[in-house]
Amino acid sequence: MSGGDMAKPLLGHRSVEGDPSVVPTSGRTIGVLGSGDFARSLAIRLVCSGFKVVVGSRNPKRKAGLFPSAAEVTFQAEAVKKTDVIFVAVFREHYSTLCDLADVLAGKILVDVSNNTEINHHKESNAEYLASLFPACTVVKGFNVVSAWTLQSGARDGNKQVLICSNNQEAKHTVAEIAQVMGFTPVDMGGMSSAREIENVPLRLLPAWKIPIFLALGLFSCFFTYNLVRQVIHPFIREQKNKFYKIPVEVVNTTLPCVAYVMLSLVYLPGVLAACSQLYYGTKYRRFPDWLDQWLQHRKQIGLLSFFCAALHAVYSLCLPMRRSHRYQLIETAVKQAMEKKMNIWVEEEVWRMEIYISVGIIALGLLSLLAITSLPSIANSLNWREFSFIQSTLGFIALVISTLHTLTYGWSRAFDENQYKFYLPPTYTLTLLVPCTVILAKVIFILPCIRQRLLRIRRGWEKGRYVKFVLPSATGEYASGETSSNV
Ligand code: NAP
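Thresholds, definitions, all that
- Residues numbered from 1 in each chain as written.
- Predicted model: local features only at pLDDT ≥ 70, side-chain atom pairs only at ≥ 80, totals over all residues.
- Heavy atoms only, no water.
- Helix = DSSP H or I, 4+ residues; strand = E, 2+ residues; numbered from the N terminus.
- Buried < 20%, exposed > 50% of the residue type's maximum accessible area, 1.4 Å probe, protein only.
- Contact = heavy atoms within 4.5 Å.
- Areas by Shrake-Rupley, 256 points an atom, 1.4 Å probe, with all protein chains shown as cover.
- Pairing = 2+ DSSP bridges.
- Axes fitted to C-alpha atoms, helices over the stretch in contact; angles between N-to-C directions.
- Phe/Tyr/Trp six-rings, centres within 6.5 Å; stacked < 30°, edge-to-face > 60°.
- Lys NZ or Arg CZ within 6 Å of the ring centre and 35° of its normal.
- Near = heavy atom within 4 Å.
- Polar contact = N/O pair within 3.5 Å; in protein donor to acceptor, adjacent residues only side chain to side chain.
- Nonpolar A, V, L, I, M, F, W, Y, C, P; charged D, E, K, R; others polar.
- Arc of directions from axis to C-beta.
- UniProt positions renumbered as here; feature names shortened; annotations may be inferred.

## Notes on the overall build of the protein chain
Phase 1: Of regular secondary structure, the protein chain possesses 20 helices and 10 strands.
Phase 2: Within the protein chain, the fraction of its 488 residues that count as buried is 41%.
Phase 3: A separation of at least 24 residues holds for 71% of the contacts in the protein chain among residues at least 6 apart in sequence.
Phase 4: With the model as given, the accessible surface of the protein chain reaches about 27,500 Å², and the carbon-plus-sulfur share is 61%.

## Concerning the pairing of strand β6 (residues 138-141)
Phase 1: In this sheet, β6 lies alongside strand β5 (residues 109-112) in parallel orientation, the contact comprising four bridges. Looking across to β6, one finds that Val111 is bridged to Val140.

## Things to note about the sheet that holds β6
Phase 1: Pairing is parallel in the open sheet, where six strands are placed in the order β3-β2-β1-β4-β5-β6. A strand with exactly one partner marks an edge of an open sheet, and here the two such strands are β3 (72-75) and β6. Going from strand to strand, the sheet's axes swing by 25° on average, the running direction of each strand aside.
Phase 2: Relative to β3, strand β2 (residues 52-57) is paired through four bridges, and the arrangement is parallel. Across the sheet, residue Ser57 finds its bridge partner in β3, namely Phe75.

## Considerations on the environment of Gln169
Phase 1: Within the secondary structure layout, Gln169 lies in helix α8 (residues 169-181).
Phase 2: What makes Gln169 exposed here is its relative accessible area of 54%.

## Some words on the packing of aromatic side chains
Two numbers describe a pair of aromatic rings. These are the distance of the centres and the angle of the planes.
Phase 1: Inspection of the entire model under this criterion finds 10 aromatic pairs.
Phase 2: A centroid spacing of 5.2 Å and a plane angle of 80° characterise the contact between Phe87 and Phe143, whose relative ring orientation is edge-to-face. Residue Phe87 is found in strand β4 (residues 85-88), and its partner Phe143 is found in the loop between β6 and α7 (148-153); the two are separated by 56 residues along the sequence. For the residue pair Phe87 and Phe143, the accessibility class agrees, reading buried in each case.
Phase 3: Consider the rings of Tyr410 and Tyr429, whose centres lie 6.4 Å apart with planes at 85°: the pair is edge-to-face. Taken together, the residues span a long stretch of sequence, with Tyr410 in helix α17 (residues 385-411) and Tyr429 in helix α18 (residues 428-432) at a distance of 19 residues.
Phase 4: For Tyr410, a relative accessible area of 29% gives the class partly exposed.
Phase 5: On the accessibility criterion, Tyr429 (7% relative accessible area) is buried.
Phase 6: A connected cluster of aromatic rings, assembled from ring pairs, spans Phe87, Phe143 and Phe184.
Phase 7: The residue whose ring lies beneath Arg457 is Trp462, and the NZ or CZ to ring-centre distance is 4.4 Å.

## Some thoughts on the site of the ligand
Phase 1: Around the ligand sit 20 residues, and of these Ser35, Phe38, Ser57, Arg58 and Asn115 come closest.
Phase 2: In this structure, Arg58 approaches the ligand through a side-chain N or O atom, which is 2.9 Å from an oxygen atom.
Phase 3: With the chains in place, 81% of the 890 Å² that the ligand exposes on its own is no longer accessible.
Phase 4: When the residues that make up the shell around the ligand are grouped by side-chain class, the tally is seven nonpolar, 10 polar and three charged.

## Re the side chain of Glu199
Phase 1: Structurally, Glu199 can be placed in helix α9 (residues 195-200).
Phase 2: Once you skip the residues sitting within four places of it in the chain, Glu199 turns out to touch Asp112, Ser114, Asn115, Asn116, Ser125, Asn126, Ala127, Lys141 and Asn144.

## Here's the deal with helix α6 (residues 126-133)
Spacing of three or four residues puts side chains on the same side of an α-helix, whose turn is 3.6 residues.
Phase 1: The complete set of buried residues in α6 reads Asn126, Ala127, Tyr129 and Leu130. What you see down the axis of α6 is that its buried residues fit within an arc of 160°, all on one side.
Phase 2: Where α6 is buried, its residues meet β4, β5, β6 and α9.

## Regarding the UniProt feature "transmembrane region" (unreviewed entry) in the protein chain
Phase 1: As annotated by UniProt and renumbered to match this structure, "transmembrane region" (unreviewed entry) occupies residues 211-229, 259-281, 302-323, 356-376, 388-409 and 429-451.
Phase 2: Between the C-alpha atoms that bound residues 259-281 the distance is 33 Å, and the span itself is 100% helix and 0% strand.
Phase 3: Helix makes up 100% of residues 388-409 and strand 0%, with an end-to-end C-alpha separation of 30 Å.

Structure representation (structure tokens):
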């Protein structure tokens with residue numbers, strides 16, 4: 001970005017007038033120590049949010065051109081004198097070089113924005129280390145989970161959270177206000193002992209995705225091997241036919257929908273198991289086993305991976321006719337039929353099967369796309385609980401039913417055809433139907449009024465075997481009271 005560009009604010013000023021939720025902190029002077037990527041983005045964002053910014057650099061002349069003209073760039077000691085809140089946009093290794101500023105920094109708030117390169121890299125967190133170097137200052141950990149890029153573009157994503165912790169409530173509150181005015185959502189993480197946890201957050205690699213990814217890879221490997229045996233190994237062994245060309249597209253394309261379909265059912269299976277557990281124990285206050293808890297928490301990622309596989313399956317399917325093998329096979333069939341003088345090759349049942357199969361497949365993919373889009377935080381936050389639950393729960397279940405129809409129209413009567421049992425292995429689609437059909441059946445059972453009522457009562461706090469007060473009219477017309485079990 002050129003110096004000229006830097007002078008122009010990237011984001012418009014946020015108006016705080018008339019908005020009671022925004023604290024009018026803007027107008028205050030904020031200091032930034034350092035003139036690197038983070039300092040620059042922070043200064044731009046602060047200026048755009050209405051703050052006065054003073055940047056402290058070891059070499060202000062050289063760095064001034066990189067900052068917006070509204071920000072003052074000066075020597076570190078000068079900058080520190082002009083403000084009470086200073087963001088330390090310097091790496092931990094260089095904290096000690098700031099010790100000369102200890103006197104001017106005394107009594108001020110230092111915001112530690114630093115990150116490490118490894119999880120639990122140092123014995124003490126960077127923020128605690130900074131606090132130990134400057135005991136006369138109040139240190140607040142924050143903004144490290146926000147990248148320099150997000151700082152500049154973040155106003156478009158008002159949901160971005162900034163985790164903050166400090167032992168000083170007032171200082172934490174001041175930094176939280178600044179974050180809010182900048183368009184971020186401050187999250188109070190408690191005292192300084194949380195700094196290490198906050199510093200580890202940006203270093204974690206997809207923690208919520210590990211289990212769903214392993215699950216998807218596991219299912220993919222199993223179905224791929226199964227399909228490989230049926231589609232490639234069987235013709236090679238039994239008929240000496242070379243069908244290895246099928247591996248990159250056909251085998252992958254028969255594997256992907258299996259994974260997508262089973263993964264979709266695995267989104268709804270833990271809900272079914274949770275409901276069974278609640279019905280069995282007659283309470284919602286009993287903790288689910290850890291594995292079920294984990295499973296429930298990973299449903300969103302499992303659903304998104306299911307959508308990913310379904311989308312890939314759609315693309316692969318569209319590309320099937322582009323393959324050379326497909327063209328050769330078409331010509332071969334046409335020649336064969338011409339030689340046999342077969343004129344009418346139209347099979348009405350097959351035509352209808354394909355039409356229905358493709359149509360329900362498209363609808364299922366459409367519904368899965370809707371589920372995926374509405375699971376994004378920015379969209380999910382714009383929906384109320386009922387809307388979110390309708391889309392994710394009701395439409396999600398409908399997507400599972402439609403995917404089942406898609407699978408059934410694909411398989412049609414193949415399950416009853418002896419020739420389809422290669423090495424005695426049933427067609428893949430029959431295996432994929434097991435879990436989804438169990439889920440659908442269980443959901444249908446839960447809709448039965450007697451079970452639905454009981455489940456609803458449990459979810460509203462009713463418990464089996466819990467003693468409750470009752471009041472009954474006596475024979476004399478007076479009311480007798482006592483205690484009984486609520487499940488009587
Ligand atoms: P950077 O581009 O390398 O900037 C570091 C700045 O530190 C330098 O520009 C330098 O400014 C200053 N500094 C002060 N004393 C120094 C010394 N003795 N030796 C070298 N430099 C010294 O790094 P950055 O990416 O802006 O990151 C700064 C801090 O923000 C780090 O703690 C980082 O973990 C954190 N952070 C960065 C990001 C990001 O996206 N970049 C995101 C979250 C957190 P002067 O030469 O003007 O003094």
